[in-house]
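Given next are the chains, with one letter for each unit.
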Amino acid sequence: MLLLKMVLYQYLKGNQSPATWFEEAQLNQAMQWLGRGYAPARRTWYEFRDRAGKFIERVHQQTISRALDEELLDPTTGVQDGTAVAACASRHRMVNRPTLEKRMEQLDAIIQDKFDGEVPKWVPATDSGKEDLAERMKQASDVLAERIEKNASKRSDKRRDPDKIQVSLSDPQAPLGRDKLKVFRPLYTVQCVVAPNSHLIMSYCCEPSVTDVGTLAPMMDKTQQAVGGRLKTMLADAAYCSIVDLQDCQQRNIELLAPVQSNAFTESKTQQNPTRQIPREEFEWNPAENYYRCPQGHRLEYLDRARKQRHGDRQLWEFRYRCDPTHCGACLLADRCLRPQSACRTIKRLEGQELLDAQRTKMADPAVQARYRLRGQTVELAFADSKGNRRLTRFHGRGRSRARTETGLMVVAQNLLRLDRLERNPLTPMKMRT
Ligand code: SF4
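Residues numbered from 1 in each chain as written. Predicted model: local features only at pLDDT ≥ 70, side-chain atom pairs only at ≥ 80, totals over all residues. Heavy atoms only, no water.

Visitor: Hey, could you run me through the overall build of the protein chain in this one?
Guide: Of the regular secondary structure elements, the protein chain holds 16 helices and 13 strands. If you line up the protein chain on its principal axes, its C-alpha atoms span 85 × 75 × 35 Å. Relative to its full complement of 434 residues, the protein chain shows a buried share of 44%. Restricting to contacts in the protein chain with at least 6 residues of sequence separation, those with at least 24 account for 66%. Summed over all atoms, the accessible surface of the protein chain reaches about 24000 Å², with 49% contributed by carbon and sulfur. Looking at the protein chain, you have 71 positive and 55 negative side-chain charges, and the mean spots of the two groups are 3 Å apart. (Helix = DSSP H or I, 4+ residues; strand = E, 2+ residues; numbered from the N terminus. Buried < 20%, exposed > 50% of the residue type's maximum accessible area, 1.4 Å probe, protein only. Contact = heavy atoms within 4.5 Å. Areas by Shrake-Rupley, 256 points an atom, 1.4 Å probe, with all protein chains shown as cover. Lys, Arg positive; Asp, Glu negative; His and termini not counted. Charge placed at Lys NZ, Arg CZ, Asp CG, Glu CD.)

As structure tokens, this is what we get:
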């Protein structure tokens, strides 16, 4: 408990390094007061950080329960968003399969004293360093094989050259993607669900992923667990509003407030495109007879269907509808409606499309838009605080489990600070209800 208090204080000061905690415990009076004079060895701090992963989720749960008991948290509404945090890994040490295989062979020969020639600069000087690198290379090889296999299972037009698929040697578990500054690097994605009025973080996770796709349902379940099933509404951006997400919300009886359009940038880009086809929205859908009617009044009849892969193991049917080529061939709108070299217009419709259409209509309502405005004022503040004030722009420890522990420590530190402020303000509980 003493160590946890000291570590949370260090997180609020923006220090995530156990080596810094060790120094601060020697020199900082506040640390000495929190630890009642206890100043453990450097190694103890590193071991404590690894151990904290086992109980930090429980501490977070206790903080949320206390806020609920004191009526400082309205659990009915949550705002979800994600942010990329750089892994503890160099962006200059990413390798592809041929390079990794070559280096593994070289390192193996060096460890067994069978290497002729000059030892490369990437080889550590000590024996323990070499063994550590050999272990990470083995792990990197497994991760890379998984990535190459996943790439091979993709559609041919989405598949990449296997030799261009890379892995980080510093932290093999971290996926490679672009951060907010568009820098390609190993990173993790942190997801948070924040209560809009109290700004307490109700649930969090840190995943080895470069996008927010597929995180809504797990975060809703986590939040429900934390608040005893009292969550009723989720606010999120368009990345969390696919058909699968809407189906998940429907199953859990939770209302989702999120726009359907990907984002304003994409929309304006699409509108600027001079070769843009007449969009599907201008075709009239007839669900009773299962056909579309085009702007010229002709029917697009059902043609066929195909399975489409979505995040995880989820699949959706995609139905195709086609207009008779004789109508399209003589149509005045053919220039705007058909693709070059195409004889007739085809429209695709995903299973559950009606959910997206209904969501689009709902989000156009001014009353819903007013409720949705809460989103921007909420979750971004938590990320701005952790990155700007607490300097969590890069994880200190390598690997997924340390990244998760560090996220948990930061969330608990932020929540305790916020809870303290809420408890000191006697007027606040009356403002908590949304
Ligand atoms: S090109 Fe075909 S589908 Fe498009 S408006 Fe003309 S007739 Fe209808």
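Visitor: Could you clarify how one ought to interpret the side chain of Q80 in this entry?
Guide: Note that Q80 resides in strand β1 (residues 77–86). Polar side-chain contacts of Q80 include one of 3.4 Å to the side chain of T215. (Polar contact = N/O pair within 3.5 Å; in protein donor to acceptor, adjacent residues only side chain to side chain.)

Visitor: When you look at the environment of T346 in this model, what are you seeing that I'm missing?
Guide: Relative to the assigned elements, T346 resides in strand β13 (residues 346–350). Taking the C-alpha atoms as reference points, T346 and G228, 118 residues apart in sequence, are found 47 Å from one another. If sequence neighbours within four positions are ignored, T346 has contacts with R320, Y321 and R322.

Visitor: What exactly am I supposed to notice about the nonpolar core here?
Guide: For soluble globular proteins, the rule of thumb is that nonpolar side chains tend to be buried together. Ranked by size, the top nonpolar core spans 44 residues in total, and within it W45, F395 and L409 carry the most contacts. With sequence-adjacent residues up to four places away left out, F395 is seen in contact with V85, A86, A87, C88, Y188, V190, C206, A403, E406 and T407. (Core = buried A, V, L, I, M, F, W, Y, C linked by side-chain atoms within 4.5 Å.)

Visitor: Help me understand the packing of helix α5 (residues 56–69) against helix α8 (residues 216–227) in this model?
Guide: Pairs of packed helices are described in terms of their axes, by the angle between the two and the distance that separates them. Between α5 and α8, whose axes approach to 9 Å, the crossing angle comes to 60 degrees. One element, α5, and the other, α8, form an angle in the oblique class. In this structure, α5 uses E57, Q61, I64 and L68 to contact α8, whose residues at the interface are K222, Q225, A226 and V227. Residue composition of the contact of α5 with α8, grouped by class: four nonpolar, two polar and two charged. (Axes fitted to C-alpha atoms, helices over the stretch in contact; angles between N-to-C directions. Parallel < 35°, antiparallel > 145°, perpendicular 65-115°, else oblique. Nonpolar A, V, L, I, M, F, W, Y, C, P; charged D, E, K, R; others polar.)

Visitor: Can you walk me through the packing of aromatic side chains in this structure?
Guide: Any two aromatic rings considered together are summarised by their centre-to-centre distance and by the angle between their planes. A complete count under the given rule lists nine aromatic pairs for this structure. On the numbers, 5.9 Å between centres and 70 degrees between planes, the contact of Y302 with Y321 is edge-to-face. Separated by 19 residues along the polypeptide, Y302 in strand β11 (residues 299–309) and Y321 in strand β12 (residues 315–323) bring together distant segments of the chain. You can call Y302 partly exposed: its relative accessible area is 37%. A residue is classified by how much of its surface remains accessible, and Y321, at 2% relative accessible area, is buried. Within the aromatic cluster, the residues linked to one another by ring pairs are W285, Y292, Y302, F319 and Y321. Lying across the ring of Y291, R299 places its NZ or CZ 3.7 Å from the centre. Directly above the ring of W285 sits R349, whose terminal nitrogen or CZ lies 4.0 Å from the centroid. (Phe/Tyr/Trp six-rings, centres within 6.5 Å; stacked < 30°, edge-to-face > 60°. Lys NZ or Arg CZ within 6 Å of the ring centre and 35° of its normal.)

Visitor: Please clarify how the sheet that holds β11 should be interpreted in this entry.
Guide: Whether parallel or antiparallel, the strands of a sheet pair through hydrogen bonds between backbone atoms. The sheet built from five strands is open, its strands ordered β9-β10-β11-β12-β13 with antiparallel pairing. Each having just a single partner strand, β9 (284–286) and β13 make up the two edges of the open sheet. Averaged over all pairs of adjacent strands, the angle between strand axes in this sheet comes to 35 degrees, irrespective of strand direction. In the sheet, strand β10 (residues 291–293) pairs with β11 via three bridges, with the strands oriented antiparallel. (Pairing = 2+ DSSP bridges.)

Visitor: When you look at the state of the cysteines in this model, what are you seeing that I'm missing?
Guide: What we call a disulfide is simply a covalent bond connecting the sulfur atoms of a pair of cysteines. For the structure shown, the criterion picks out zero disulfides. C192 takes part in no disulfide bond, and the closest cysteine sulfur, belonging to C205, lies 8.1 Å away. (Disulfide = S-S within 2.5 Å.)

Visitor: Where do I start with the pattern of salt bridges in this structure?
Guide: Side-chain pairing between opposite charges can occur once the charged atoms of the two side chains come close. Taken as a whole, this structure holds 26 salt bridges when the rule is applied. Close ionic contact of D81 with R375 constitutes a salt bridge, the shortest N to O distance being 3.6 Å. Highlighted residues: D81 in strand β1 and R375 in the loop between α14 (366–372) and α15 (379–389), separated in sequence by 294 residues. On the accessibility criterion, D81 (5% relative accessible area) is buried. Two residues, D385 and R390, come together in a salt bridge whose shortest N-O distance is 3.2 Å. Comparing D385 with R390, the two get one shared label, buried. Each of D221, D248, R252 and R314 takes part in salt bridges that share partners, so that together they form one network. (Salt bridge = Lys/Arg side-chain N within 4 Å of Asp/Glu carboxyl O.)

Visitor: Before we go on, may I ask you to explain a positive patch on the surface in this structure?
Guide: Taken together, K150, K154, K158, R160, K164 and R310 make up a surface patch of like positive charges. When you line up the elements, K164 lands in the loop between α7 (127–152) and β3 (166–168). (Patch = residues over 30% accessible without salt bridge, like charges linked within 9 Å, V, L, I, M, F, W, Y side chains within 5 Å.)

Visitor: Please explain unusual backbone geometry as it appears in this structure.
Guide: Working note: non-glycine residues mostly have negative phi, and peptide bonds are mostly trans. Even without being a glycine, R36 presents a positive backbone phi close to 50 degrees. The topology assignment puts R36 in the loop between α3 (29–34) and α4 (42–52). At N253, a position not held by glycine, the phi torsion is positive, near 60 degrees. As for its placement among the helices and strands, N253 is situated in the loop between α9 (243–252) and β8 (255–257). Given the relative accessible area of 66%, N253 is considered exposed.

Visitor: Is there a simple way to explain the pairing of β12 in this structure?
Guide: In regular strands, side chains alternate between the two faces of the sheet. As judged from the nine bridges shared by β11 and β12, these two strands associate in the antiparallel manner. Paired with K308 across the strands is L316, a residue of β12. Count of turn residues in the β11/β12 antiparallel hairpin: five residues, of which G312 carries a positive phi of about 70 degrees. Relative to β13, β12 is paired through five bridges, and the arrangement is antiparallel. Bridged to E318 within β13 is L350.

Interpretation note: all reported values are geometric properties and have no functional meaning in isolation.
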